[in-house]
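# Inside the fold
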Amino acid sequence: MHPQLKSTGSPRLGNAPAVRKHVSGPQRPPQRKQAPKLPQPRPQATARTGAEIRPALKAGKTGTVHTIENATLFAEDMALVEMLRGIGVQMATLSWNAEGPLASGHDSHAGLTAAGREALAEMERTGMVLDVSHLNDECFEEVAALAHRPFIASHSNARAVCGAKRNLTDGQFRRIVDAGGIVGLNYYGGFIKDGITDETAADVTFDDLARHIEHWLDLGGEDAIALGSDWDGAAVPAFLADASTMGDFQAQLSKRFGKTVMQKICSDNALAFFERY
């Protein structure tokens, strides 16, 4: 008998013919569906410095860059900046959308806190890149005034094309470019086109995103535009649904802007930034 059936069956029903047949009859092995064959992932290599990224790619590996979004832990212990940089964290943001212990997002008009200014200085000292995505305009202005090293916006678009506050003004974009930084395109539908909701994000087109690239190219940003994505739960267009769409996306970029600009946007600008930082 099956031990579970024997131990849990009612003594009164245990001798019933139907139950005896069920527990003592031949047992068929469970039918398992054949799992689909997936492509083998490339081996990964953590790049602790910018100089380690390109060799990992040349070796056929996926180079990973460790970053932190909303590094509020720095406010608890500033020594964590140096410790985390030492184990390979290359970049961090100081906030998310709300007011925080270091800085604030667009839910607030608060500026950098004293801890935020200290964190900025410590990040620059240890070689951790400051990411200004999510900062409100007030915090951005303070960072731009205080920073001595290049900084980046890892996932932000052009506010002149789509008016979301999370996007960059033309002045902010130019300050990042002039400082030697880069800006990664954000795939969230509501940051690409005005009036888009999570329910309609899939309908956003390549042309809608291309308008941000065209605008930044007009501002002299050819060597500063990169890919930022925001694939951690954001509602994105169907043509950018996941990493499997990148081949077609690159082909569209190449057709619209030429192979050289495509290569810069998809890899060269980001690689160059981390290598020179």
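The rules behind the values
- Residues numbered from 1 in each chain as written.
- Predicted model: local features only at pLDDT ≥ 70, side-chain atom pairs only at ≥ 80, totals over all residues.
- Heavy atoms only, no water.
- Pairing = 2+ DSSP bridges.
- Helix = DSSP H or I, 4+ residues; strand = E, 2+ residues; numbered from the N terminus.
- Axes fitted to C-alpha atoms, helices over the stretch in contact; angles between N-to-C directions.
- Core = buried A, V, L, I, M, F, W, Y, C linked by side-chain atoms within 4.5 Å.
- Buried < 20%, exposed > 50% of the residue type's maximum accessible area, 1.4 Å probe, protein only.
- Contact = heavy atoms within 4.5 Å.
- Arc of directions from axis to C-beta.
- pLDDT = per-residue confidence, 0-100.

## Description of the sheet that holds strand β3 (residues 66-68)
Spatial ordering of the open sheet is given by β3-β4-β5, a layout of three strands whose pairing is parallel. What marks the edges here is a single partner per strand, and that holds for β3 and β5 (129-131). Here the strands of the sheet are splayed against their neighbours by 25° on average, with no regard to which way each runs. Alignment of strand β4 (residues 89-93) against β5, held across three bridges, turns out to be parallel. Each residue of the ladder has a partner; that of Thr93, found in β5, is Asp131.

## Some details on the nonpolar core
By size, the foremost hydrophobic cluster in this structure holds 56 residues, and its most contacted members are Phe74, Leu94, Val132 and Phe249. The greatest single-element share of this core, amounting to five residues, is contributed by helix α10 (residues 206-218). Leaving out residues up to four positions away in the same chain, Phe74 has contacts with Ile68, Leu80, Val81, Leu84, Ala92, Leu102, Ala119, Met123 and Met128. If you look at the next biggest cluster of nonpolar residues, it comprises 11 residues, including Ile53, Met91, Leu271 and Phe274.

## Digging into helix α7 (residues 137-146)
Among all positions in α7, only Cys139, Phe140, Val143 and Ala144 are buried. Buried positions in α7, seen along its axis, are confined to an arc of 135° and lie on one side of it. Residues of α7 that are buried make contact with α6 (114-126), β5 and α8 (170-178).

## Remarks on the environment of Thr67
The residue Thr67 is located in strand β3 in this model. Setting aside residues no more than four positions away along its own chain, Thr67 makes contact with Val89 and Met91.

## Structural notes on the confidence of the model for the chain
Scored by pLDDT, the chain has a mean of 90; 86% of the residues are at 70 or more. Contacts for the low-pLDDT stretch residues 1-27, under 50 throughout, to residues beyond four places or in other chains number 11 contacts.

## Thoughts on helix α5 (residues 79-86)
When α5 is considered as a whole, its buried residues turn out to be Val81, Leu84 and Arg85. Down the axis of α5, the buried set is contained in an arc of 100°. They therefore lie on one face. For α5, the secondary structure elements touched by its buried residues are β3, α4 (73-76), β4 and α6. A positive backbone phi angle near 115° is found at Gly88, which sits one or two residues after α5.

## A short note on the environment of Gln252
Its location among the elements puts Gln252 in helix α11 (residues 246-257). Residue class for Gln252 comes out partly exposed when judged on its relative accessible area of 32%. Once you skip the residues sitting within four places of it in the chain, Gln252 turns out to touch Phe206 and Phe239.

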